[in-house]
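# A closer look at the structure
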Amino acid sequence: MEIPAIDQPGLSDDLIMEILSWLPVIYLLQFRCVCKSWKSLISLPSFVKLHLERSLKNVNLFLTLNDLNENAVSLMCCDKRSFLEYPSSVISDHGGGVPLKDKYWVIGSCNGLICLHGSTFEDGEFEVAEYDCGEYWFRFWNPTLGLRSKKSPLLCVDLDHFDAIECGFGYDKASDTYKVVAILSNTSAKEDSERTQVKVYTLGDHCWRDIQPFPAFPYNFEKQGRFLSGTINTLALQNFSPGYNLGKVSIDQLVIVSLDLGKETYQQFLLPDVVNEAPIHNPTLVVLMDCLCLSYDYKTTHFVLWQMKEYGIEKSWTQVVNISYEHLQIQRFPFPLPGPRFYSSMPLCVSENGDVLMLIDDQQYEMILYNMRDNKVQHADILKNRFQIFAEDYVESLVLPW
Amino acid sequence: MAKTPEPKRTISLKPCDGDVIEVSPMIAKQMQTIQSFIEDDSFIATTTIIPLPNVTAFQLSKIIDYLNYHSNSKAVADNVKESTKKFDEEFLKELEHDKLKELLHAANYLNVKEVLDFLCQAVADLIQDKSVKFVRKFFGVVNDYSVEEEEDIRRTHAWAFEGVEED
């Protein structure tokens, strides 16, 4: 019997999409000039989503470098592994990266988009007395594509009333939208109802919307909400009243308030159940290893890190680090100014295999690598006293910033 | 002590250019096209031979090899990961560009997700540091841009700048 010849047509668009979805963005930009149909295929929203799904596995870092000598801020993307192995090769003595104008600050990173926060004040704080209305705006930036959005509509804040703002940026899968949340707070307000106001801006909209007030009082040492699985998470104080001493907070006074970006409703989670804990310093909420993590300084002698292994499950809090500054080879001396501030170490990132934690200590702006498996400590001395560093997980994507 | 042989529990697949190949139901299940055949009530697995006019014996056996190896090595231990990587490399080494493309077609026709994903990644790896010319040739795509249009796209790395205003 004769073997039927197989008609071998070109690969279908679906298959080409599957193949291209595994490529880094840089090659996709090049392959737009293969032919017209490839160019339009690469810009299809369904392709952008498929590509993003694949890219989420390759997590890079987005760094904000605050040059302490030059007083200038620059931004860069880098490979997580090389940063953890050779931090000083990623960050040269001059910093490198894209300079950021001083009225901007990074709020968050999500699906390849960076949210920048701009204000009429240089440092984003309410310090300039002659203004009675603060103007804030946001820009969205895809550094891989080199595309940046227009300014968002202005968020005008009555400075007579509100004295702090905390922002978060994230993605709601159900509505396929990116949202910015701004939590305004007033420490001296007498009534609960006047104490906070929460505004939401959806990328592409023309205005800010009010949502339900915040259910607790924002504890904004961080001034940045953390995005994880469709929610913005912030530390907050329960039972706040005017005159509250923010410098002496114990762990049982704090909660995590989690705002669901889809439903725009809140949930509260308790922090780890630690008995007889002395006041803690600089409690910080971060996302590491795709989990909410809480770090703090304990008795100014230890750095402690907890991980909420399963999002929203209070029983899943696990202490992953409890290490003395002595072991970290940090000589801790008291903070020279009065107030609720102490020097502390902040977690920056964790290696892919979960072994190595990178800390930045804000006493001498030193980078410290702590291996959680074998307890080894390594200092990246070369960068000492040069940069204040912030890191966000970052993926390269084709997501458009508008 | 002789055991009574198990009743035949395999699926018979007939490629376009060779003898019937018997596969276990577990392997057949991963081929969506075959699976929908089997799920059809009128199909009696033990007697019917499923003809595959779009798949050669070589392609079919490659796909079965891949599925067999990977279904036996689901563990996550490092040494298993290492040998799986080695198997995958060897698997691809035997495939020239044309064969790779044809196998991709076959996997697509049989709708075997695991193999399809693997081959798509392999093709992506193959083209990712290649020139646009190579990619056109590999996919048999005709360039429909004018010289100016192509230059234009090459120049602008970003796709569009609409809506972006400078500060």
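Everything quoted here is computed from the prediction, not taken from an experiment. (Residues numbered from 1 in each chain as written. Chains lettered and ligands numbered in written order. Predicted model: local features only at pLDDT ≥ 70, side-chain atom pairs only at ≥ 80, totals over all residues.)

## Some thoughts on the overall build of chain A
For the record, the criterion: Secondary structure is summarised from DSSP: a helix means a run of H or I of at least four residues, a strand means a run of E of at least two, and numbering begins at the N terminus for each. Exposure is read from a count of other C-beta atoms within 10 Å of each residue's own; the residue is exposed at 12 or fewer, buried at 20 or more and partly exposed in between. C-beta atoms are placed from the backbone. C-beta atoms are placed from the backbone for every residue, and two residues are taken to be in contact when these atoms lie within 7 Å.
Assigned secondary structure in chain A consists of seven helices and 26 strands. Counting the 402 residues in chain A, one finds 41% classified as buried. In chain A, once contacts between residues fewer than 6 apart in sequence are set aside, the share between residues at least 24 apart is 51%.

## Quick look at the sheet that holds strand β2 (residues 21–23) of chain B
All names here are of chain B. Heads up, the condition is: Only strands joined by at least two bridges in the DSSP assignment are considered to pair. Comment: axis = line fitted to C-alpha atoms, over the contacting stretch for helices; angle = value between 0 and 180 degrees taken between N-to-C directions.
The sheet built from three strands is open, its strands ordered β2-β1-β3 with mixed pairing. Single-partner strands in this sheet number two, and they are β2 and β3 (49–52). Neighbour-to-neighbour, the strand axes of the sheet open up by a mean angle of 35°, direction not taken into account. Packing of helix α3 (residues 57–72) onto the sheet brings it into contact with β1 (11–15), β2 and β3, and relative to β2 it is tilted by some 20°.

## Section: the interface of chain A and chain B
In this assembly, 29 residues from chain A lie in contact with 33 residues from chain B. Among the secondary structure elements, those contributing two or more residues to the side of chain A that touches chain B are α1 (13–20), α2 (25–31) and β7 (147–148) of chain A. Looking at the side of chain A that touches chain B, the element that brings in the most residues is α2 of chain A, giving four residues.

## What about the sheet that holds strand β3 (residues 98–100) of chain A?
Residues and elements named next belong to chain A. Spatially, the four strands line up as an open sheet ordered β3-β2-β1-β26, and their pairing is antiparallel. One side of each edge strand has no neighbouring strand; the edge strands of this open sheet are β3 and β26 (387–394). With strand direction ignored, the average angle separating the axes of adjacent strands in the sheet is 25°. Sheet analysis places strand β1 (residues 60–67) next to strand β2 (residues 72–79), joined by eight bridges and oriented antiparallel. When the sheet's bridge partners are listed, Leu 61 is paired in β2 with Cys 78.

## Notes on the packing of α3 of chain B against helix α5 (residues 97–110) of chain B
Helix-helix packing: each pair is described by the crossing angle between the helix axes and the interaxial distance. Residues and elements named next belong to chain B. Formally: Roughly parallel means an angle under 35 degrees; roughly antiparallel means over 145; roughly perpendicular covers 65 to 115; every other angle is labelled oblique. Each residue is assigned to one class: nonpolar for Ala, Val, Leu, Ile, Met, Phe, Trp, Tyr, Cys and Pro, charged for Asp, Glu, Lys and Arg, and polar for all the others, Gly among them.
Two elements in contact, α3 and α5, have axes separated by 10 Å at closest approach and are oriented at 70°. The angle between the axes of α3 and α5 places the two elements in the roughly perpendicular class. Between α3 and α5, the contacting residues are Gln 59, Lys 62 and Ile 63 on the first element and Glu 102, Leu 103, Ala 106, Ala 107 and Leu 110 on the second. The class makeup of the residues in the contact of α3 with α5 is five nonpolar, one polar and two charged.

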